[in-house]
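Structural overview for review
Next come the chains, spelled out residue by residue.
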Amino acid sequence: MSANPAESVMPDNAAFAMRLARNIKGEVLFDRASRGRYSTDASIYQVDPVGVIVPETIDDVVAAMAIARDEGVAVLPRGGGTSQCGQTVNRALVIDCSKHLRRVLHVDAEARTAVVEPGLVLGHLNNALSAQNLFFPVDPSTHARCTIGGMAANNSCGSKSIRYGLMADNVRSIEAVLSDGTQHRFGVIGDNLGDRMPATVADLIQRLQVLGASEADEIAARFPRQLRRVGGYNIDALTPAARGSGRDNLARLLVGSEGTLAFSAAIELCLYPIKPRKVLGICQFPTFRKAMEASRHIVALQPEAVELVDRTMIDLGRGIPIYRATIDRMLLGEPDSLLIVEFHGDADAPLLAKLAELEALMGELGHPGVVRAVDPALQADIAAVREAGLNIMMSMKGDAKPVSFIEDCAVDLDDLADYTERLNDVFERHGTKGTWYAHASVGCLHVRPVLNMKDPNDVARMRSVAEEAFALVREYKGSHSGEHGDGLARSEFHEPMFGSRIVRAFEAVKQAFDPIGLMNPNRITQPARMDDRTLFRYSPGYGAVSDFTPKLDWSEHPGALGGMLGAVEMCNNNGTCRGFDAGVMCPSYRVTRDEVHLTRGRANTLRLALTGQLGADAMASDAMAEAMALCVSCKACKRECPTGVDMAKMKLEVSAARAERHGVRWRETLIAELPRYAPLVSRVPMAANLRNHLPPLRWLTERVLGLSAARRLPKWRADKFLDKEAATATAASPRGEVYLLADTFNRYFEPENLRAALKLLAAAGYRAVMPNTGGRPLCCGRTWLAVGLVDKAREEAARTMRYLPHDLPIVGLEPSCLMTLRDEYRSLLPGSETDRFAQRAMLLSEFIARQKPALSLRAMPGTVRVHGHCHQKAFGAFPDALAMLRLIPKLSALPITSSCCGMAGAFGYQAETQAASRAMAEADLLPAVRAAAAHHYIVADGTSCRHQIRDLAGREAIHSVRLMERALEAG
């Protein structure tokens, strides 16, 4: 076997993949698109792996490592893939632990310990522990998606490290698989000695102890005395000084080793009692330096955390709709910087006293005015802003982005103000600026200079900034890696930071654990240069393909392909879409846990396709179709992704490319042309509905069209809605007129909703106007968009705008249709006219909530459980739906916490997506509906949502307008 399997070229990857497939139960992914999706993490780097496995068991891992060892291929364990420095990319066999290896193996509440598998997400662990009033205290901002194995590999920290320390302080032992296949539990050194120890492990431990003793003085002299030191290996655990202190633990050596020493099969963690109460004080500062100077004084109050938010983050956060209101509540005036100070405890009174002390301190320092956050809901919103900090910074549009490479250097609090000021001088000297935020309590601030990694001059500038920044860190006796590890970005700088003798000691540790170089080679030891552009995501020659032209307008983004490539590149792999605590995003990943069915996975596939890395005509390829197959176009990513990746819009481009290249199948034609043939079919509703009642017809439509025989299609109605009904229902208009958008679905399948809308508008004092088209009713064009017929959708959009002129509000009932007017029309027909048109479009609930008409509504004592359509949530319209229902006296309107219902237009009817559709519904929505009392109303404003609830939960859900109709006073 070669000394460095990462450099070996496989003569027959197919044979290697087949050998793996025969010997493990999990998935084996060697195709180009899959490897491409695992070639990046949240850093600036991209390295194609040899292949990927998704093991089902630890036995799979052991078997795969043995095969890789035999084949001379390196191995790279991977969790959430959100590393900032390139730790989780390599020319290796990637082992994705996040899908299956996520069990809590054992909890000892009395001893306050837990043993878990490496793929378990931190947030899921703490949810499981909460019933025993325990939690794991290391809390990175990525807690909703980071895995325990990844945290251990990275020596993660989080905002509470001032109180609880780092990952290395909270891991008691690690059951590891070594590169030769030996398995051993590494813990306190004394506990590792014994007769049953394998000879290879005994020899390993003896060599490590000798190393620790011989290098003890050098370690004491060269290791920074910072809490936040995660660079290199934790060889201080091997020194005589560590013995008896609890730090003489070989697990400490594995923690922070970035998968370069062993595979962590089971990790034993220290747990702590939950402190049930929390208060926040948000301190306001006129300058960044004043905030830095105040940090050391605030820490004396013994807070749980002190987090910085700078002016750049304030301004960028305000530009993201989901965070705007929260940030405004955090501010008094227009401060330059904020410090968010947290106090935790068991009772309110002592915590409020701490807030009073903080306010007094700020007054003494000349910065009076502290925003108090004692309401848990506000605290949660502030936490969401803080946790999204890195990604909010990355929401800058254009090629120049805040780049992570000196991000988390740590210095003493007494030096923090001077260090940050001098570092800003470095940025200015090199013609850039930095964005700042994070852990002021421990002198570890996240700073990212704004640079363009496509520009060789900026790459050279990056290196110069790194060298000068690390020189400053050495001057202040700080740590050059305070949280995010080494990877490709910082391993090269160990020698100037620690000295050559310590680096040789690191190499000796690597050699002792992994003499054959199997485990994630060339990270921490023997690294590449951090500015080697051949390892970059934007490598030399990177650029857009010439064989693809977007159908939609992407001009809000700079860059190639009319801005589309820039829009796709907004995905920085931060992995927010992997979280299960988001409102909706990402429904398909929630049910599959597959990287391919993740917003990040799709964005990476698109970027590779648009830059020629997946071959010719990749946008219309089967690989791209697979990546988009389970995307339900919920638009949640447009709102919930901190960088605003709009995958629903991107999917339209893929569908259009595929339709243009391969044509449109019968089923897609049937979906697209629904608005055209609906007026004819509606004349024979009994015949049209026969399919639902005759099993042979169901079977035939599944065989011919792929429409699942297990699902009933929408029922055509004999009493379809007619435009002339508006004239008689809303003759008087003391408050004005509105256009009522009678969408195809409500017009032909649920006309009672439109009739209820007419009554509600009339009661509110409005006259509903139905445009006279002289023929086929108007349609938003969404059915054509759904199958990639963008040009036909554009024609329909132009027709709709032509028949809805003037400045009247356009009111609709179906969220997916109405939001098409507000969103996709801007991309189909860009310009100021469309912008004005889009601003007029609103759901009926939005219109009522905003206009606040004097409605005479009878009391309806009871409860309504409300499911929000994905597009209602994506465009911030769901609160208005609740607000309208809360106008009904004595009615309690409670939102259902849920992701997508899984129906998503035709998605829920397709035979090939049945399992995914049902799984999406079962994730949150259906259990909540089934748990609702029989006398509770169920409201869902989406046609698809109502059908899914009826068909799969057996409950009748109604549109909110129907409930308003019931509450209207008679006469």
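Residues numbered from 1 in each chain as written. Predicted model: local features only at pLDDT ≥ 70, side-chain atom pairs only at ≥ 80, totals over all residues. Heavy atoms only, no water.

Some thoughts on the pattern of salt bridges
Following the criterion strictly, the structure yields 75 salt bridges and no others. Close ionic contact of E304 with R163 constitutes a salt bridge, the shortest N to O distance being 3.5 Å. In this pair, E304 is assigned in the loop between α11 (288-299) and β13 (305-310) and R163 in helix α6 (residues 161-164), connecting sequence segments 141 residues apart. The exposure class assigned to E304 is buried, which follows from its relative accessible area of 2%. R163 gets classed as partly exposed once you look at its relative accessible area, which sits at 37%. Taken together, the shared-partner salt bridges connect R717, D719, E725, E752, R755, K759, R962 and E965 into one network. (Salt bridge = Lys/Arg side-chain N within 4 Å of Asp/Glu carboxyl O. Helix = DSSP H or I, 4+ residues; strand = E, 2+ residues; numbered from the N terminus. Buried < 20%, exposed > 50% of the residue type's maximum accessible area, 1.4 Å probe, protein only.)

Some words on the sheet that holds strand β24 (residues 891-895)
One open sheet holds the three strands; their spatial order is β24-β23-β25, and the pairing between them is parallel. Two strands in the sheet have a free side with no partner beyond their single neighbour: β24 and β25 (937-940). Averaged over all pairs of adjacent strands, the angle between strand axes in this sheet comes to 25 degrees, irrespective of strand direction. Two elements, strand β23 (residues 862-867) and β24, share five bridges in a ladder whose sense is parallel. Across the sheet, residue V866 finds its bridge partner in β24, namely P895. Contacting β23, β24 and β25, helix α47 (residues 960-967) runs over the sheet at an angle of about 130 degrees to β25. (Pairing = 2+ DSSP bridges. Axes fitted to C-alpha atoms, helices over the stretch in contact; angles between N-to-C directions. Contact = heavy atoms within 4.5 Å.)

Quick notes on helix α37 (residues 790-803)
Over its 14 residues, α37 extends 20 Å from the first C-alpha to the last, a length consistent with the 20 Å expected when each residue adds 1.5 Å. For α37, every residue scored as buried is listed here: V790, A793, E796, A797, R799, T800 and M801. Where α37 is buried, its residues touch α27 (647-662), α36 (782-786), α39 (824-828) and α40 (832-840). (Expected span 1.5 Å × (residues − 1).)

Remarks on the environment of S39
With respect to the element layout, S39 can be found in the loop between α2 (32-37) and β2 (51-54). Linking S39 and L166, residues 127 residues apart in sequence, is a C-alpha distance of 28 Å. Beyond its immediate sequence surroundings of up to four residues, S39 is in contact with Y45, Q46, V47, D48, P49 and V89. Of the polar contacts made by the side chain of S39, one reaches the backbone oxygen of G36; its length is 2.6 Å. (Polar contact = N/O pair within 3.5 Å; in protein donor to acceptor, adjacent residues only side chain to side chain.)

Considering the pairing of strand β4 (residues 93-96)
Of the two faces of β4, the one carrying L93 and I95 and the one carrying V94 and D96 are both buried. Note: β2 against β4, three bridges, orientation parallel. Paired with I53 across the two strands is I95, which belongs to β4. The sheet contact formed by strand β3 (residues 75-78) and β4 spans four bridges and is parallel.

Some details on the packing of helix α13 (residues 321-330) against helix α15 (residues 376-387)
Two numbers describe how α13 lies on α15: the axes approach to 10 Å, and their chain directions differ by 110 degrees. With respect to α15, the element α13 is oriented roughly perpendicular. For the pair α13 and α15, the contacting residues are Y323, T326, I327, R329 and M330 in the first and L378, D381, I382, A384 and V385 in the second. (Parallel < 35°, antiparallel > 145°, perpendicular 65-115°, else oblique.)

Thoughts on the sheet that holds strand β19 (residues 736-741)
The sheet built from four strands is open, its strands ordered β20-β19-β21-β22 with parallel pairing. Taken across any chain shown, the strands that pair with only one partner, and hence form the sheet edges, are β20 (766-769) and β22 (841-843). Sheet twist, expressed as the mean angle between neighbouring strand axes with direction ignored, is 40 degrees. Bridging between strand β21 (residues 810-812) and β22 involves three bridges; their strand directions are parallel. Bridging across to β22, G812 finds its partner in L843. Helix α38 (residues 815-822) contacts β19, β21 and β22 of the sheet and is inclined by roughly 155 degrees relative to β22. Packing against the sheet, α40 makes contact with β19, β21 and β22, and its axis sits at approximately 20 degrees to β22.

Notes on the packing of helix α24 (residues 599-610) against α27
Two numbers describe how α24 lies on α27: the axes approach to 11 Å, and their chain directions differ by 40 degrees. Viewed along their axes, α24 and α27 adopt a mutual orientation that is oblique. The handedness of the crossing between α24 and α27 comes out as left-handed. Of the residues in α27, those in contact with T599, R602, A603 and L606 of α24 are M647, M650 and V654. Of the residues in the contact of α24 with α27, the class split is five nonpolar, one polar and one charged. (Left-handed = near helix turned anticlockwise from the far one by under 90°. Nonpolar A, V, L, I, M, F, W, Y, C, P; charged D, E, K, R; others polar.)

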